[in-house]
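Chain residues, written in single-letter form:
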Protein chains: 2
Amino acid sequence: MAADIDFYFDFSSPYGYFGSTAIEALAARHGRKVRWHPILLGLVFRETGAGPLVTVPLKGEYARHDFHRTASLNGIDFNMPDPFPVATGAPARAMLWVRAEHGDEKAVAFAKAVYRAYFVDNADISNADNVIKVGSAMGLDATALAAGLNSPEIREQLKADTHAAMKRGVFGSPFVIVDGAAFWGYYHYATIDT
Amino acid sequence: MAADIDFYFDFSSPYGYFGSTAIEALAARHGRKVRWHPILLGLVFRETGAGPLVTVPLKGEYARHDFHRTASLNGIDFNMPDPFPVATGAPARAMLWVRAEHGDEKAVAFAKAVYRAYFVDNADISNADNVIKVGSAMGLDATALAAGLNSPEIREQLKADTHAAMKRGVFGSPFVIVDGAAFWGYYHYATIDT
């Protein structure tokens, strides 16, 4: 059995969202599974000195345009959210809790629903209440999810996971590692697929 | 007749070099010509606050690896130059002078030869002497080229061209504008080609 594909993403990353819509079909074509890793780009940027894409002069304008173009070219539902970008600690911790309590399949379904809530329905996912609503709509217990995403263990795990990702060289979203080879960015998927 | 493709590049940019090997065939497939614009990323980065790719933690390591992978996947001759990156005022000014004195075709041939000198033969193209050697090998007059690339008019033109590029939104290399649509990066060529 070929090794899993590690898929690193931040919930506020448009290209991460685009990648999330394609990564499983890509993996399946090669007999692989995907391991989803939510990370905090905010923590990563403290290390690399980078800032949010859309705040960079010239590049930011270009990026906003390219989000729409990329979504359109690939047939992906997309509405530019406002506010953008947002802090993603709440949804990332929620996903880790769902995985711990309900298993990986549920956690991945939850991650996709959170991405959709932000990039299609414009829910502000930096607000834990909106993240919990996404969980409730999937049948998760709202009270347990609220407690879980605020637990110290889950907070620590997200920080540790993000630092572990950086140790593997992860500096952006989406970031894929497959058989030791690293690929940053959604545009690389055509290459990975060959 | 369809409009020209504007191709912006910095002589120290590996992806600019990769783009330079593909842009003309791409344009020809669509009945277009290419207008080559050397720019100074150093000037651009002062505006955008960006720095050379390879100096960014994590991203720099990744980029060095990706240069080789991209060259290899696309069958492009490539040796990582040292020093890298370098100041590219001398080759950019030389190209502008060759265009002014000998026309566009010669200037494009010169640009390709400079890229090859740097990214295949590891000549330090920040040194005007090495740039002049590239010109001599093409039959250009070394004394005239040396004087031309140091002329105040050519220096002014390169600055003006770089600022004009920024006004059009150019912030990196390679950067292509075709029918008002902007594409940053070599990886986009498959998209432009459709």
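Given the structure is predicted, the values throughout are model-derived calculations rather than measurements. (Residues numbered from 1 in each chain as written. Chains lettered and ligands numbered in written order. Predicted model: local features only at pLDDT ≥ 70, side-chain atom pairs only at ≥ 80, totals over all residues. Heavy atoms only, no water.)

Caption draft 1: Representation of the overall build of chain A within the structure. The secondary structure content of chain A amounts to 10 helices and 4 strands. Over its C-alpha trace chain A gives a radius of gyration of 16 Å, about what one expects of a compact globule, namely 16 Å for 194 residues. Over its C-alpha atoms, taken along the principal directions, chain A stretches across nearly 45 × 40 × 35 Å. Here chain A, with 194 residues, has 53% of them falling under the buried criterion. For chain A, restricting intrachain contacts to residue pairs at least 6 apart in sequence, the fraction spanning at least 24 positions comes to 73%. Surface summary for chain A: the accessible area is close to 8,600 Å², and the carbon and sulfur share equals 51%. Taking the 18 positively charged and 21 negatively charged side chains of chain A as two groups, their mean positions are separated by 2 Å. (Helix = DSSP H or I, 4+ residues; strand = E, 2+ residues; numbered from the N terminus. Rg over C-alpha atoms; globule rule 2.2 N^0.38 Å. Buried < 20%, exposed > 50% of the residue type's maximum accessible area, 1.4 Å probe, protein only. Contact = heavy atoms within 4.5 Å. Areas by Shrake-Rupley, 256 points an atom, 1.4 Å probe, with all protein chains shown as cover. Lys, Arg positive; Asp, Glu negative; His and termini not counted. Charge placed at Lys NZ, Arg CZ, Asp CG, Glu CD.)

Caption draft 2: Examining the interface of chain A and chain B more closely. Contact with chain A, which involves 22 residues of that partner, is made by 22 residues of chain B. Between chain A and chain B, roughly 1,900 Å² of surface is buried when both sides are summed, and carbon and sulfur atoms account for 71% of that area. For chain A, the biggest contributors to the area lost against chain B are Leu58(A), Tyr62(A) and Phe171(A); these three give 31% of the whole. For the pair chain A and chain B, the number of links is 0 salt bridges. Counting the contacts that link chain A with chain B gives 4 residue pairs in polar contact (both at pLDDT 80 or more). Listing elements by their share of the side of chain A that touches chain B, those giving two or more residues are α3 (41–48), α4 (59–73) and β4 (181–184) of chain A. Element by element, the count of residues in the side of chain A that touches chain B is highest for α4(A), at 5 residues. Residue composition of the side of chain A that touches chain B, by class: 14 nonpolar, 4 polar and 4 charged. (Buried area = accessible area lost by both parts, 1.4 Å probe. Salt bridge = Lys/Arg side-chain N within 4 Å of Asp/Glu carboxyl O. Polar contact = N/O pair within 3.5 Å; in protein donor to acceptor, adjacent residues only side chain to side chain. Nonpolar A, V, L, I, M, F, W, Y, C, P; charged D, E, K, R; others polar.)

Caption draft 3: Local environment of the side chain of Ser13(B). All names here are of chain B. Within the fold, Ser13 resides in the loop between β1 (5–9) and α1 (14–20). For Ser13, a relative accessible area of 6% translates into the label buried. Dropping the residues within four chain positions of it, Ser13 is found in contact with Tyr115, Phe119, Ser173 and Pro174.

Caption draft 4: Just the pairing of strand β1 (residues 5–9) of chain A, in detail. Residues and elements named next belong to chain A. For β1, the buried fraction is high: 5 of the 5 residues fall into the buried class. Neither face of β1 is left uncovered, since the one carrying Ile5, Phe7 and Phe9 and the one carrying Asp6 and Tyr8 both have all their residues buried. In this sheet, strand β2 (residues 34–38) lies alongside β1 in parallel orientation, the contact comprising 5 bridges. Across the sheet, residue Tyr8 finds its bridge partner in β2, namely His37. (Pairing = 2+ DSSP bridges.)

Caption draft 5: Region of interest: the sheet that holds strand β3 (residues 175–178) of chain A. Residue and element names in this part refer to chain A. Strand order in the open sheet formed by 4 strands is β2-β1-β3-β4, with mixed pairing between adjacent strands. The open sheet has two free edges, formed respectively by β2 and β4, since each of these has just one partner strand. When the angles between neighbouring strand axes are averaged without regard to direction, this sheet yields 20 degrees. Across the face of the sheet, helix α5 (residues 89–102) comes into contact with β1 and β2 while running at roughly 135 degrees to β2. (Axes fitted to C-alpha atoms, helices over the stretch in contact; angles between N-to-C directions.)

Caption draft 6: Broad picture of the relation of the copies chain A and chain B. When chain A is fitted onto chain B, the two copies agree to an RMSD of 0.0 Å after a turn of 180 degrees and an axial shift of 0.0 Å. Here the transformation between the copies is reduced to the relation of a two-fold axis. No C-alpha of chain A approaches the rotation axis more nearly than that of Tyr187(A), which lies at 3.5 Å. Most of the interface of chain A is mirrored in chain B, where 100% of its interface residues are also at the interface. (Least-squares fit on C-alpha atoms with pLDDT ≥ 70 in both.)

Caption draft 7: View of the packing of α5(A) against helix α6 (residues 104–119) of chain A. Residue and element names in this part refer to chain A. At a minimum axis separation of 7 Å, α5 and α6 run at an interaxial angle of 155 degrees. On the basis of their axis angle, the class for α5 and α6 is roughly antiparallel. By crossing handedness, the relation of α5 to α6 is classed as right-handed. Between α5 and α6, the residues in contact are Pro91, Ala94, Met95, Val98, Arg99 and His102 and Asp104, Lys106, Ala107, Val108, Phe110, Ala111 and Val114, respectively. Of the residues belonging to the contact of α5 with α6, the class tally is 9 nonpolar, 1 polar and 3 charged. (Parallel < 35°, antiparallel > 145°, perpendicular 65-115°, else oblique. Left-handed = near helix turned anticlockwise from the far one by under 90°.)

Caption draft 8: Summary view of the pattern of salt bridges. Counted under the stated rule, the structure contains 16 salt bridges over all chains. Between Glu24(B) and Lys112(B) there is a salt bridge, with the nearest N and O atoms lying 2.5 Å from each other. Highlighted residues: Glu24(B) in helix α2 (residues 23–29) and Lys112(B) in helix α6 (residues 104–119), separated in sequence by 88 residues. On the accessibility criterion, Lys112(B) (34% relative accessible area) is partly exposed. Salt bridges here are not isolated pairs; linked through shared partners, they connect Arg35(A), Arg99(A) and Asp104(A).

In short, shape yes, function no, at least from these values alone.
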